[in-house]
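Structure assessment
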Amino acid sequence: MAEEVQGQTAEESESSESSEATIAVHWREEGYYPPPPKFIGQANASDPAIITRFAEENFPECFREYADLLSWDEYWHTTLDTSNAPFWKWFTGGKLNASYNCVDRHLAKHKNKAALIWVPEPEDAAHVVITYQELYRQVNEFAAVLQAAGVKAGDRITLHMPMVPELPVTMLACARLGAIHSQVFGGFSGAACGHRIADSTSKILITMDSYYRSGAVQDHKVKADEAVEAARKEGTEVEQVLVWRRFPGQYSSETPMVEGRDFFVDELLADHRGAVVTPVSMPAEAPLFLMYTSGTTGRPKGCQHSTGGYLSYVAGTSKFYQDIHPDDTYWCMADIGWITGHSYIVYGPLSLGTTSVIYEGTPNYPDAGRPWRIAERLGVNIFHTSPTAIRMLRKVGPDEPAKYDFHFKHMTTVGEPIEPEVYRWFYNSVGKGEAVIVDTYWQTETGGFIGTGLPALNPMKPGSCGPAALGIYFDIKDEGGQSIPKGSGKAGNICVRNPWPGVFETIWGQPDRFVSTYFAKYNRNPDSKDWHDWPYFAGDGAVQTEDGYYRILGRVDDVINVAGHRLGTKEIESSALAVEEVAEAAAVPVIDDVRGRAVEMYVSLKPGIEASPEIEAKIKLAIETDIGKIARPKNIWIVPDMPKTRSGKIMRRVIAATSNFADVGDITTLANPEIVEQIRHQVQNAKHARGEVPRELTEAEEAEIKSFGAE
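Notes on the structure in this doc start here. Please read these numbers as outputs of a predicted model, since none were measured by experiment. (Residues numbered from 1 in each chain as written. Predicted model: local features only at pLDDT ≥ 70, side-chain atom pairs only at ≥ 80, totals over all residues. Heavy atoms only, no water.)

1. As for the overall build of the chain
We count it as follows: Each helix is a run of DSSP H or I of at least 4 residues and each strand a run of E of at least 2, with the numbering of both proceeding from the N terminus. Here the radius of gyration uses the C-alpha set of atoms, whereas the globule reference equals 2.2 Å times the residue count to the power 0.38. Classification of residues uses two cut-offs on accessible area relative to the type maximum, computed with a 1.4 Å probe and protein chains only: under 20% is buried, over 50% is exposed, and between them is partly exposed. Contacts are assigned to residue pairs that have any heavy atoms within 4.5 Å of one another.
Regarding its fold elements, the chain presents 22 helices and 30 strands. For the chain, the C-alpha radius of gyration of 25 Å lies close to 27 Å, the compact-globule estimate for 711 residues. Once the C-alpha set of the chain is aligned to its principal axes, its extents read approximately 80 × 60 × 55 Å. Counting only residues that meet the buried cut, the chain has 63% of its 711 residues in that class. The contacts of the chain with a sequence gap of at least 6 include a subset with a gap of at least 24, amounting to 74%.

The following block contains the structure:
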């Protein structure tokens, strides 16, 4: 033990000489998966010349290629305006309407084609097919309702809606009028919605009375009353609450409607049947929507996305990276309440005139075969989902995809890095060895993909998002701002050296926070109007391998510093997931007075497998073999399930708090809050029995633990 401590001290000393941004990288290199010739033959981007067209010497004019996918009312005179750096303006002087681009312009060729196919959660319920002609009718009629309510360009409208077709209709109706929509994830509490209403000073809230979740009808209207009250406490009075009904003519909430404030949308629509509302021609830089990032403390961040730049970027990335053609049936199994759903369920696919599938419920209801039955029935050929969902489906139904006759040409992953072992299951079992996988890196703030490969031109590599996206120029920097060269084996902070059309314009009402959070770190001249002086700081750790591909290591704040070695949680979790019996894994820090921090692993096993010391030993060996003894977990906790958000993401802050005997915070929005007490009882009783109860945490340590892996 003395030798081990002495060795760690030496390692810590060695590490301290390098930058704090340097994260230890031990992830082994993976092989390549080439795209099938059949895919290359039909791909939108199969000519390598596209890479040359987006080379840095052609920036920013290269992004005209994306903008030219849209219909413009007036052409722009300046592609990139840097006069108020870093508040970039794209396609200045141009005018367009997002609703027109997603609906009206497709009527001439595709009016009878399905724009949206809605799949209700109850499997015996009929699918709802909305053609482009029908979408045009619904969007216009609801825009007329909003117009009658006094809505005009620039107004902020808050939406708190589940995964129903009325949600994209509402978004597009707002966009038709030039109003700024702010959709709050349906699983969030009424209070969370109220905070966002207050921040944007919305006067209208649009909601739904109920929706299905895991086989049960959820009362959603009750959250509207909570939201209105929360907003009132912050000084914003909601004047109208417009309520869509899940079942026509039937109110499915136990919450009373408030006289003079609450109105049923179907009753309002009766006065506007057949209405046609002229799309408002908006400046390219006019805000299209706000998307709030879901921090745990402090004022929420409303990311403001533009109309022209954002719509151009999601159209271009949908065409070239997701390979969407008008005759494809495309399914992004995500929620429109997140940026993924905005960009790659609504605005990207519809701007290209394709068919976009929307599913109301949970992926494994009533069983793990549900996604594959939907794909088979609808003939889905492009499938887009998160590593979280993939891990869950691998856990509960690893053999289910083989039972159904569906065939994807293309699969996208989004939201976090996908571990190589999970990637292989996705490729072999879901893609059946026939589909390309586009692993993407991006954020709410970026609007669309910024790290990913062109599927017909860049071979796939598990564990890597691939190269930078077209027109994106990455730079991995250390804390001092020095670039870390590719192939060095060293990781640092990933930055984007240049603006791009999808990047958000500002944080609503907080311009100083926008600059300080995303641009100030590596800016050396605050007065500069040269974009070269304003690299975008993403807040993630990454490494670039010799082949130019990037591996994202997770949030810089979520790195675990063990004896001076900064270990990326994704690497540790990936090693655990390579153990055959493991379905899910989460690495969290525990305060350790000798090493500073130690790693604790939480894992859940595949169905039918019992916890055992042998499995713990296999996990420990896998981590030591892949990374080294420095990453050896202090404890491995095999738990029945992980605490998860409604979108299926593991809440690492909750289990980190459990390991450190800290307050787990608010867990009311979890999908399975009951599991928290089970885990707490299991882990903390075992620690008490071993004499591992830690000392009282300092205020700084408690803040660190509470923010670890925060949503």
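2. Section: the sheet that holds strand β16 (residues 329–332)
This is how the line gets drawn: Here, strands pair whenever DSSP counts at least two bridges between them. Inter-axis angles, ranging from 0 to 180 degrees, are taken between N-to-C directions of lines fitted to C-alpha atoms, where helices are fitted over the stretch in contact.
The strand order across the open sheet built from seven strands is β5-β4-β17-β16-β18-β19-β20, with neighbouring strands paired in mixed fashion. Either end of the sheet is taken by a strand with one partner, and the two such strands are β5 (128–131) and β20 (436–439). Sheet twist, expressed as the average angle between the axes of neighbouring strands with direction ignored, equals 20°. Relative to strand β19 (residues 410–413), strand β18 (residues 382–385) is paired through four bridges, and the arrangement is parallel. By the bridge assignment for β19, Ile382 is matched with His410.

3. A few points about unusual backbone geometry
Generally, phi is negative for residues other than glycine and the peptide bonds are trans, each holding for most cases. Between Phe59 and Pro60 the backbone carries a cis peptide bond, its omega angle lying at 0°. Tracing the backbone shows Pro60 in the loop between α3 (49–53) and α4 (64–67). Here Tyr365 and Pro366 are connected by a cis peptide whose omega angle stands at 0°. As for its placement among the helices and strands, Pro366 is situated in the loop between β17 (355–359) and α14 (370–378). Residue Phe91 is not a glycine yet carries a positive backbone phi of 60°. Within the secondary structure, Phe91 sits in strand β2 (residues 89–92).

4. Focus: the state of the cysteines
In plain terms, the rule: Any cysteine sulfur atom paired with another within 2.5 Å is treated as part of a disulfide.
For the coordinates displayed, the defined rule picks out zero disulfides. No disulfide involves Cys303; its sulfur sits 17 Å from that of Cys193, the nearest cysteine. By relative accessible area, Cys303 is classed as buried at 0%. Cysteine Cys465 remains unbridged, with the sulfur of Cys495 as its closest cysteine sulfur at 14 Å.

5. Description of the sheet that holds strand β30 (residues 635–638)
The three strands are arranged β28-β29-β30 in an open sheet whose pairing can be described as mixed. Taken across any chain shown, the strands that pair with only one partner, and hence form the sheet edges, are β28 (582–592) and β30. Mean inter-strand twist for the sheet, computed between neighbouring axes without regard to direction, equals 25°. Note that β28 and strand β29 (residues 596–605) share ten bridges and pair antiparallel. Across the sheet, the residue bridging to Ala585 is Val603, located in β29. Of the strands in this sheet, β28 and β29 touch helix α18 (residues 569–577), which is tilted by about 135° from β28.

6. Quick notes on the environment of Glu65
Here Glu65 lies in helix α4. We classify Glu65 as partly exposed; its relative accessible area is 24%. In sequence terms Glu65 and Ser312 are 247 residues apart; their C-alpha atoms lie 8.8 Å from each other. Setting aside residues no more than four positions away along its own chain, Glu65 makes contact with Ile50, Arg53, Phe54 and Phe320.

7. Overview of the pattern of salt bridges
Let me state the cut-off plainly: The salt bridge criterion pairs a side-chain nitrogen of Lys or Arg with a carboxyl oxygen of Asp or Glu, the two atoms within 4 Å.
On inspection of all chains with the given rule, the structure shows 40 salt bridges. For Glu56, the salt bridge identified is with Arg497, shortest N-O distance 2.7 Å. Here the residue Glu56 occupies a position in the loop between α3 and α4, and Arg497 occupies one in the loop between β22 (492–496) and β23 (506–507), the gap between them amounting to 441 residues. Classification of Glu56 by relative accessible area gives partly exposed; the value is 30%. The class for Arg497 is partly exposed, based on a relative accessible area of 25%. Close ionic contact of Glu123 with Arg373 constitutes a salt bridge, the shortest N to O distance being 2.7 Å. A residue pair is termed long-range when its members are at least 10 positions apart, and Glu123 in the loop between β4 (114–119) and β5 and Arg373 in helix α14 qualify at 250 residues. Assessed through its relative accessible area of 35%, Glu123 is described here as partly exposed. Where salt bridges share partners, they join Glu123, Asp367, Arg370 and Arg373 into one cluster.

8. With respect to the environment of Ala125
Tracing the backbone shows Ala125 in the loop between β4 and β5. The class of Ala125 is partly exposed, set by a relative accessible area of 28%. Distance in space between the C-alpha atoms of Ala125 and Ile623 is 46 Å, their sequence separation being 498 residues.

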